[in-house]
Amino acid sequence: MTRLATPRKPRARSQARIDSILDAARTLLAAEGVASLSIYSVAERADIPPSSVYHFFASVPALLEALTADVHAAFRACLQAPIDHDALNGWRDLSRLVEQRMLDIYDEDAAARQLILAQHGLTEVTQADRQHDIELGDLMHKLFDHHFELPKLPTDVDVFALAMELGDRVYARSVQQHGQITPRMAEEGMRVFDAYLGLYLPPYLPKRAIPA
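Just so it is clear, the structure is predicted and the values come from calculations on it, not from any experiment.

### Some remarks on the packing of helix α5 (residues 91–108) against helix α9 (residues 183–197)
Direction vectors running N to C along α5 and α9 enclose 140°, while the axes themselves pass 10 Å from each other. Here α5 lies oblique to α9, going by the angle between them. The hand of the α5/α9 crossing is right-handed. Counting all contacts with α5, which are made through W91, R92, S95, R96, E99, Q100 and L103, the residues of α9 involved are A186, E187, M190, R191, F193, D194 and L197. Residue composition of the contact of α5 with α9, grouped by class: six nonpolar, two polar and six charged.

Here it is as structure tokens:
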């Protein structure tokens, strides 16, 4: 009886190769920063030929854009994680909760700090980060609206996205000065985040009886 050949799964193999490349790049990025990253160093770390890296990522910026997307996926997940509605006494409780979740990601992921907060001067990565911030801002807006009755907000300014970017500026300064987000600067970043939102959200917002 003729034995049929096992169907190949190129997509699964390709994804495994992509994952190994990104893992290698993440490790190098965390240890040595953006400036030392190259296609060849990533290939060596992943123990694959450079041509295999080039097959999926044409350049270092393309590789970093993919890593930036991974970091922002973690941020999206933290905004979508369950929140105890009954434990929220005001919108600042929600603000502190989501900012602390994002700080935890920065604290645990040195590559995230290098990509988002360190000075690397890569326009492609900066533009990708800003685009992702817009998406995160929209998610955060929906999250706040889920728990509180929001006032009418301007349509020409992404209030929540800008609040995140302003907080990140404080965290970035801490990373540039100390190599990490210190507890003091983490608190300052959250204060900046709250202060900007406070320009548009009154001190007291009615909490929804049932999340929308």
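The rest of the description comes next.
### A short note on the UniProt feature "domain: HTH tetR-type" (unreviewed entry) in the chain
This chain's UniProt record puts "domain: HTH tetR-type" (unreviewed entry) on residues 15–75. Secondary structure content for residues 15–75 is 80% helix and 0% strand, and the end C-alpha separation is 22 Å.

### A closer look at the pattern of salt bridges
Summed over all chains, the structure comprises seven salt bridges. Overlapping salt bridges, with partners in common, bring together R96, E187 and D194 in one network.

### A closer look at the environment of T155
Of note, T155 is situated in the loop between α7 (123–147) and α8 (159–178). Residue class for T155 comes out exposed when judged on its relative accessible area of 78%. It is 22 Å that separates the C-alpha atoms of T155 and L79, two residues lying 76 residues apart in sequence.

### Observations concerning the UniProt feature "DNA-binding region" (unreviewed entry) in the chain
Under the UniProt annotation, the feature "DNA-binding region" (unreviewed entry) is placed at residues 38–57. Between the end C-alpha atoms of residues 38–57 there is a gap of 11 Å, over a span that is 75% helix and 0% strand.

So, how was this worked out
- Residues numbered from 1 in each chain as written.
- Predicted model: local features only at pLDDT ≥ 70, side-chain atom pairs only at ≥ 80, totals over all residues.
- Heavy atoms only, no water.
- Axes fitted to C-alpha atoms, helices over the stretch in contact; angles between N-to-C directions.
- Helix = DSSP H or I, 4+ residues; strand = E, 2+ residues; numbered from the N terminus.
- Parallel < 35°, antiparallel > 145°, perpendicular 65-115°, else oblique.
- Left-handed = near helix turned anticlockwise from the far one by under 90°.
- Contact = heavy atoms within 4.5 Å.
- Nonpolar A, V, L, I, M, F, W, Y, C, P; charged D, E, K, R; others polar.
- UniProt positions renumbered as here; feature names shortened; annotations may be inferred.
- Salt bridge = Lys/Arg side-chain N within 4 Å of Asp/Glu carboxyl O.
- Buried < 20%, exposed > 50% of the residue type's maximum accessible area, 1.4 Å probe, protein only.

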